[in-house]
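This is what each chain is made of:
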Amino acid sequence: MKQTVVIREMEACHMDCSYTLDLIHHEVKYCQGCWNCWLKTPGRCVYKDLDTFYNRYVAADEVVILAKVVKGFVSANMKSLFDRMIPLFLPYVDVSTGESRHIPRYPKYPDIKFYYEGSFITDEGKQVFEAYIYRTFDQFASKQITVKPIESI
Amino acid sequence: METIILNGSPRGNNGNSEIFIRQFLKGMRTHCDVKYMNKENPEELASHVKKYDTIIMVLPLYIHSMPGMVMRFIEHLEPSAVHSKQAIGFILQCGFTESSQCKYVERYFSCLAKELNRTYLGTVIKGEAAGVYMLPKFMTKKLFTLLNQLGEMYDQTHTFDRRVMEKLQQPYVLTGFTLKFMQFTTKLGANKIMWHRFLKKNDAFHKKLDQPFA
Ligand SMILES: Cc1cc2nc3c(=O)[nH]c(=O)nc-3n(C[C@H](O)[C@H](O)[C@H](O)COP(=O)(O)O)c2cc1C
């Protein structure tokens, strides 16, 4: 059966999923920039609050993200989650594509469906936001990435 | 004209951002207040900065944008009054060699300035900066001179000097010899040497490829 993980910042209608990370009630600790996850305890963050999430994320086929737009960007809580995903990758850099990228630590990463709620003051703002989300999950080695406003689903 | 400099590194005064701030200030004659986001309450800090004409954030790139901690502060920032003439600028440094890694958040910062009703001074970008705190003096000389100049010009003109910015952001993309050289050294594994040295020192070398959550 297909494994789906949901990350959400809003109440959502019921979805079949193997795990939900509820960001309404869970405040993700900030990444401290200590590099322990690369250099002291490879693959593990000094904080343990996301351990179950990491487990389910790398096992998932698909991750559905329901995000709130804050000041034209992802919320601080969502951003901290992105920062804290660095332990899922190796420190080594690959430049074979002509750009620097981190090498995966795990054999596969889930496809991403990112739906957002909120508005932008300019079209440029919306484009930047979508481009940023694509880029982030491209760097996180996901193959299929969808980024759409929530009203389109 | 009063400016506040905000250090947006979770490592606060132990990080590379701090070194960038010190070198920028070295070029300035006018005094500038500096605050550390990792030591302040974000809501209080957002209210505190209202009384300054200009905010300059100095921060590391985290996953193509600002650290979560900095976004928390941005969440609390309120737009300036319409005719206030307040301004905002950014000095951004990152680990990867090519500064184009910063282009997404650079575009975002320019949109944010609009949303905050502040004049956008621009975003100064420097790649290959993760090791600045441990480099010997002769290797940081050029960088520090440029940062001193940036501070000096800012003091005089209240802008970021475009020519200095242009120099700092080289290389913007990996091309030609730089790219070939990097591809060659990664093939040899030379780019891993430094990581392996740290891992060995921490007695973690044998665990380097661990997949604890598989
Ligand atoms: C969680 C995390 C994510 C990072 N993401 C990026 C990135 O996307 N691109 C990049 O070039 N450097 C990235 N870096 C490297 C930092 O930008 C770099 O080490 C910087 O010099 C740290 O500055 P500081 O010492 O002031 O905190 C990241 C570092 C951390 C800890």
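Residues numbered from 1 in each chain as written. Chains lettered and ligands numbered in written order. Predicted model: local features only at pLDDT ≥ 70, side-chain atom pairs only at ≥ 80, totals over all residues. Heavy atoms only, no water.

Quick look at the site of the ligand
To be explicit about the condition: Residues are classed as near a molecule or strand on a simple rule: at least one heavy atom within 4 Å of it. N or O atoms within 3.5 Å of each other form a polar contact, as long as, within protein, one can give a hydrogen and the other can take it, and as long as residues adjacent in sequence are counted only when both atoms are side-chain atoms.
Close to the ligand lie 20 residues; S9, R11, N16, S17 and Q93 of chain B are nearest. Of the chains in the model, those with residues near the ligand are chains A and B. Between R11 of chain B and the ligand, the recorded distance is 2.7 Å, taken from a side-chain N or O atom to an oxygen atom. A distance of 2.8 Å separates a nitrogen atom of the ligand from a polar atom in the backbone of I63 of chain B.

Side note on the UniProt feature "domain: NADPH-dependent FMN reductase-like" (unreviewed entry) in chain B
Worth spelling out the cut-off: UniProt positions are given in the numbering used here, feature names are shortened, and annotations may be inferred rather than shown by experiment. Labels follow the DSSP assignment, with helices taken as runs of H or I lasting at least four residues and strands as runs of E lasting at least two, numbered in each case from the N terminus.
When the UniProt feature table is mapped onto this chain, "domain: NADPH-dependent FMN reductase-like" (unreviewed entry) is found at residues 31-101 of chain B. When the span residues 31-101 of chain B is considered, its composition is 23% helix and 25% strand, and the gap between its end C-alpha atoms is 32 Å.

Remarks on the side chain of D22 of chain A
All names here are of chain A. Short version of the rule: In this scheme, a residue with accessible area under 20% of its type's maximum is buried, one over 50% is exposed, and one in between is partly exposed, where area comes from a 1.4 Å probe on protein chains only. Charge convention: Lys and Arg are scored as positive, Asp and Glu as negative, and His as well as the terminal groups of each chain are ignored. Salt bridges are identified by distance alone: a Lys or Arg side-chain nitrogen within 4 Å of an Asp or Glu carboxyl oxygen.
On the secondary structure map, D22 appears in strand β2 (residues 19-22). Of the side chains with opposite charge, R8 comes closest to the buried, unpaired D22, at an N-O distance of 4.3 Å. Here the side chain of D22 touches I24 through a polar contact of 2.8 Å, landing on its backbone nitrogen.

Comments concerning helix α4 (residues 123-139) of chain A
All names here are of chain A. To be explicit about the condition: What a helix should span is 1.5 Å times the count of its residues minus one.
Compared with an ideal rise of 1.5 Å per residue, which puts 17 residues at 24 Å, α4 spans 24 Å between its outermost C-alpha atoms and is within 8% of the ideal. Those residues of α4 that fall on the buried side of the exposure criterion are G125, V128, F129, E130, Y132, I133, R135, T136, F137 and Q139. Phi for A141, located one or two positions after α4, is positive at around 65 degrees.

Description of the pairing of strand β5 (residues 89-94) of chain A
Residue and element names in this part refer to chain A. Where we set the bar: Only strands joined by at least two bridges in the DSSP assignment are considered to pair.
Counting buried residues along β5, five of its six residues qualify, which places the element largely inside the surrounding structure. In this sheet, strand β6 (residues 101-104) lies alongside β5 in antiparallel orientation, the contact comprising three bridges. Bridging from a neighbouring strand, D94 pairs with R101 of β6. Where β5 folds back on β6, the antiparallel hairpin that results is connected by six residues, among which G98 adopts a positive phi of roughly 95 degrees.

A short note on the packing of aromatic side chains
The geometry of an aromatic ring pair is captured by two quantities: the separation of the ring centres and the angle between the planes. Residues and elements named next belong to chain A. To be explicit about the condition: Paired rings are identified among Phe, Tyr and Trp, the last through its six-membered ring, by centres lying within 6.5 Å, and are further divided according to the angle between planes into stacked (under 30 degrees), edge-to-face (over 60) and tilted (the rest).
One pass over the structure, following the stated rule, counts 24 aromatic pairs over all chains. On the numbers, 4.8 Å between centres and 35 degrees between planes, the contact of F73 with Y132 is tilted. Taken as a pair, F73 in strand β4 (residues 73-74) and Y132 in helix α4 lie far apart in primary sequence, 59 residues in all. With centroids separated by 5.8 Å and ring planes inclined at 80 degrees, the aromatic side chains of Y116 and F120 adopt a geometry described as edge-to-face.

Brief notes about the nonpolar core
Stated formally: Take the buried Ala, Val, Leu, Ile, Met, Phe, Trp, Tyr and Cys residues and link them wherever side-chain atoms come within 4.5 Å; each set so joined is a nonpolar core. Contacts are assigned to residue pairs that have any heavy atoms within 4.5 Å of one another.
Judged by nonpolar contacts, the single largest core of 83 residues is most densely connected at F114 and F137 of chain A together with M57 of chain B. With seven residues, helix α4 (residues 103-115) of chain B is the largest single contributor of residues to this core. Here M57 of chain B is in contact with L6, M37, V70, F73, I74, L77, I88, G89, F90 and I91 of chain B, once residues within four sequence places are set aside. Counting residues in each nonpolar core, the second largest holds 25 residues, with I21, L25, V58 and Y154 of chain B among its members.

Looking at helix α8 (residues 193-201) of chain B
In plain terms, the rule: For this quantity, the arc is that covered by the directions from the helix axis to the C-beta atoms.
Regarding α8 of chain B, the residues found buried are W195, H196 and L199 of chain B. When α8 of chain B is viewed along its axis, its buried side chains cluster within an angular range of 95 degrees and face the same direction. Among the exposed residues of α8 of chain B, those oriented more than 90 degrees off its buried face are R197 and K201 of chain B. If you follow the buried residues of α8 of chain B, they end up packed against α1 (36-39) and β5 of chain A.

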